[in-house]
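Each chain is listed here by its residues.
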Amino acid sequence: MSTKVLIVEDEFVVANGLRLVLKQAGHTVCGIATSAEEAEYAAEKYKPDIVLVDIRLNGKRSGIDLARKLKATDVAFVYLSANSSQKVLEEAKETQPYGFLVKPFREKDVLVALDIALYRHQHNIETKLRQEQFLKNQLADISVEVKDAVQGVLKLTRLLQPHIPNDLIVSGRRPAPGEICTGFGYIRTGTDEYEPIGNDELTKIAGLTPNFFFENENLSPEGDAFIYNSDSPHKNKQPNELHRRLFDHFKIESNLIFPVALNNGNLVNYFFYSRRRGAYTIEHIALLNRLKIHLKEITERLFSGRTMLHQNDQYQPETEPVTANSGFENIIGTHRLLLAALELVRQVAPYNTSVLILGESGTGKERIAESIHLLSGRNKGPFIKVNCATIPLSLVESELFGHEKGAFTGATEKRMGKFERADGGTIFLDEIGELSTDMQVKLLRVLQEKEIDYVGGTVTKKVDVRIVAATNRNLEKEIAAGNFRLDLYYRLNIFPITLPPLRERKSDIPALSLYFANKFCREFNKEFKGIAESMLAEMFAYNWPGNIRELENVLERAVILNDGKSELTLKQNLNDKVIEATQLARLTTYEDVKFAQQEAEREYIISILKKSEGRIRGTNGAAELLDIKPTTLESKMARLGIKRDDYLSQTGHL
Ligand SMILES: Nc1ncnc2c1ncn2[C@@H]1O[C@H](COP(=O)(O)OP(=O)(O)OP(=O)(O)O)[C@@H](O)[C@H]1O
């Protein structure tokens, strides 16, 4: 399909090179702009399908400024960059581009990036439409079922959170002259946890006198929706006194105000506050405008007539706890990058859409996959995990799809594959980047046809399985290198969720450390006396290449080597984690021995896997040699972090 491309690049040679590559591939270059201003004009005039934007541009405005504009009008863009600094790249990433092309470009990379960007953009639009419809249906449900404003605003808050992220939401009816202003809302205290905050608390927090609301009629602005960002103060509209104080108290950086006019002439304002700079954009206002009919219906019910909140209304705890069963119970952390990923999980979970979880090793991809399953309508069905890196290549097909008796040597009986086991539930394909290209073709067929073929069989079986895949590889690079199929990538990458590495969410280190410390103290039956400041400080300074799994291991060691009478301290140098022989010699308690055993067990299993040439199942497979069930061996391997690479390099021919 020919695509209309706008190139925004001030170096003529680069721009012309791109133009030739694109033309040869059958695309139409609708213009070459050399500044942000020219690009805006050309985008408006030619309506390109995609814009290739150089990050550094001639003129006052950079490519990133232009990208923000393109994003607000839903135009797909890919960055072109040379040697940009980390800071610039971080800033560029915030605009959520559909791709990055680093100069000098290879022709193949340009075309693959373009293809992927267009596909993602199209899917984004479809997903957004579906989500919006879903949201409208849920809002309609609230307006029918909700009985009082306190409960109603909580439901509304939860529903809107994925779409208009906020740390504090306040709703308030604009008072008539001389009337009191009633405001109340919810402050977010966890992933899906909120605490109510009423008029009294709001005044107390803001350090205001109770009469403040009487004396200041103009607390709730009248008129249009309005965005305030701390880094781009609006010249005409400054936040009023109450807002300024709330900003200070809650460390708020952005605020969005959305008014809803009621039939009786009253005006109710919804105030969204975020601790993130520039959290709100005109896209949020556009969404609220599209939802306005539904919001008005709910607001009519909540803020007029009998359900209206009065000055003396007290917050009555809900009969259902405020912390709902969120599906994220075992996910620790409140960093905004993690919360953003969890919001995506919540959005996609109800659909059958395939999800691709991206992130470095140990960032929690498996946990996220479990949450998707738990939050979906399939949660009564099975959740089957497959680690594509630990299954010997020769057995991948039968592991996934099953085999008939006698299909190959060692197939002594018919065996069901993981896909069939996952029927009615979810299959989690971890390390999908490790699948051979042959297997990728077979997986594609399951995705497209929803049916499987047993190895050695003739009958095709229908399966109803949702696929969640994960990888720590850069699949786009793998595609360009010919290792991963573009069509499979398209199918899997319908809804990508990227998990941040621990070094980018260090504020979660204390909470995670406490969680693991408590867990291991319980497990080893030791008393928990806290974590030493020095240990926390070192953990903050460290880069965490192994992410949360590595943090978990560090805490396990600290607990094992702790006497149960003092604070946990680091028992290793984080930059050199190999335990010295002298340290091992000091392991004298039962737990110390257990720890040493674990290390030994890992080594032993790896040696057996080498002996079985990587085979887990069947005659002379590692499970048989160890005299344990293959599934037990697989879970041991996962627990001990044994990957195919650990025994592959030695056996050579696997
Ligand atoms: N947010 C979290 N809160 C608590 N524990 C977590 C969190 N994220 C991950 N963990 C724990 O960290 C360890 C690693 O997580 P997980 O196995 O899900 O990572 P992964 O990204 O799938 O790793 P790999 O790429 O190596 O398969 C697990 O023990 C998991 O329970």
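Residues numbered from 1 in each chain as written. Predicted model: local features only at pLDDT ≥ 70, side-chain atom pairs only at ≥ 80, totals over all residues. Heavy atoms only, no water.

Looking up the protein in an unreviewed UniProt entry gives the name Response regulator, with the organism given as Mucilaginibacter celer.

## Re the pattern of salt bridges
Tallied over the full model, the rule gives 33 salt bridges. Note that glutamate 370 is salt-bridged to lysine 385, the shortest N-O span being 3.8 Å. On the criterion of sequence distance, the pair formed by glutamate 370 in helix H13 (residues 365-374) and lysine 385 in strand E13 (residues 383-387) is long-range, its members being 15 residues apart. The class of glutamate 370 is partly exposed, set by a relative accessible area of 27%. One network of salt bridges, in which partners are shared, links Glu399, Arg415, Lys418, Arg617 and Glu634. (Salt bridge = Lys/Arg side-chain N within 4 Å of Asp/Glu carboxyl O. Helix = DSSP H or I, 4+ residues; strand = E, 2+ residues; numbered from the N terminus. Buried < 20%, exposed > 50% of the residue type's maximum accessible area, 1.4 Å probe, protein only.)

## What to know about the packing of aromatic side chains
Applying the stated criterion across every chain, the model contains 10 aromatic pairs. With a centroid separation of 6.4 Å and 15° between ring planes, the pair formed by phenylalanine 271 and tyrosine 273 is classed as stacked. Neither residue differs from the other here; phenylalanine 271 and tyrosine 273 are each classed as buried. Ring geometry for phenylalanine 401 against phenylalanine 419: centres 5.5 Å apart, planes inclined by 25°, an arrangement best described as stacked. Of this pair, phenylalanine 401 sits in helix H14 (residues 396-401) while phenylalanine 419 is found in helix H15 (residues 418-421), placing the two residues 18 residues apart along the sequence. The exposure class assigned to phenylalanine 401 is buried, which follows from its relative accessible area of 4%. Each member of the aromatic cluster is reached from another via a ring pair, and the members are Phe77, Tyr79 and Phe100. (Phe/Tyr/Trp six-rings, centres within 6.5 Å; stacked < 30°, edge-to-face > 60°.)

## Focus: the environment of alanine 76
Summarising the element assignment, alanine 76 is placed in strand E4 (residues 76-81). Sequence-distant contacts of alanine 76, defined by excluding residues within four places in its chain, comprise Asp49, Ile50, Val51, Tyr98 and His121. (Contact = heavy atoms within 4.5 Å.)

## As for the UniProt feature "modified residue: 4-aspartylphosphate" (unreviewed entry) in the protein
Within this structure's numbering, the places UniProt gives as "modified residue: 4-aspartylphosphate" (unreviewed entry) are Asp54. If we skip the residues at most four places from it in the chain, aspartate 54 touches Val8, Glu9, Asp10, Gly63, Leu80 and Lys103. (UniProt positions renumbered as here; feature names shortened; annotations may be inferred.)

## Some points on the packing of helix H2 (residues 36-46) against helix H3 (residues 63-72)
Between H2 and H3, the least distance of the axes is 9 Å, while the angle of their chain directions is 20°. Judged by the angle between their axes, H2 and H3 are roughly parallel. Between H2 and H3 lies a crossing whose hand is right-handed. For the pair H2 and H3, contact is made by Ala36, Ala39, Glu40 and Ala43 and by Leu66, Lys69 and Leu70, respectively. Its residues placed into classes, the contact of H2 with H3 shows 5 nonpolar, no polar and 2 charged. (Axes fitted to C-alpha atoms, helices over the stretch in contact; angles between N-to-C directions. Parallel < 35°, antiparallel > 145°, perpendicular 65-115°, else oblique. Left-handed = near helix turned anticlockwise from the far one by under 90°. Nonpolar A, V, L, I, M, F, W, Y, C, P; charged D, E, K, R; others polar.)

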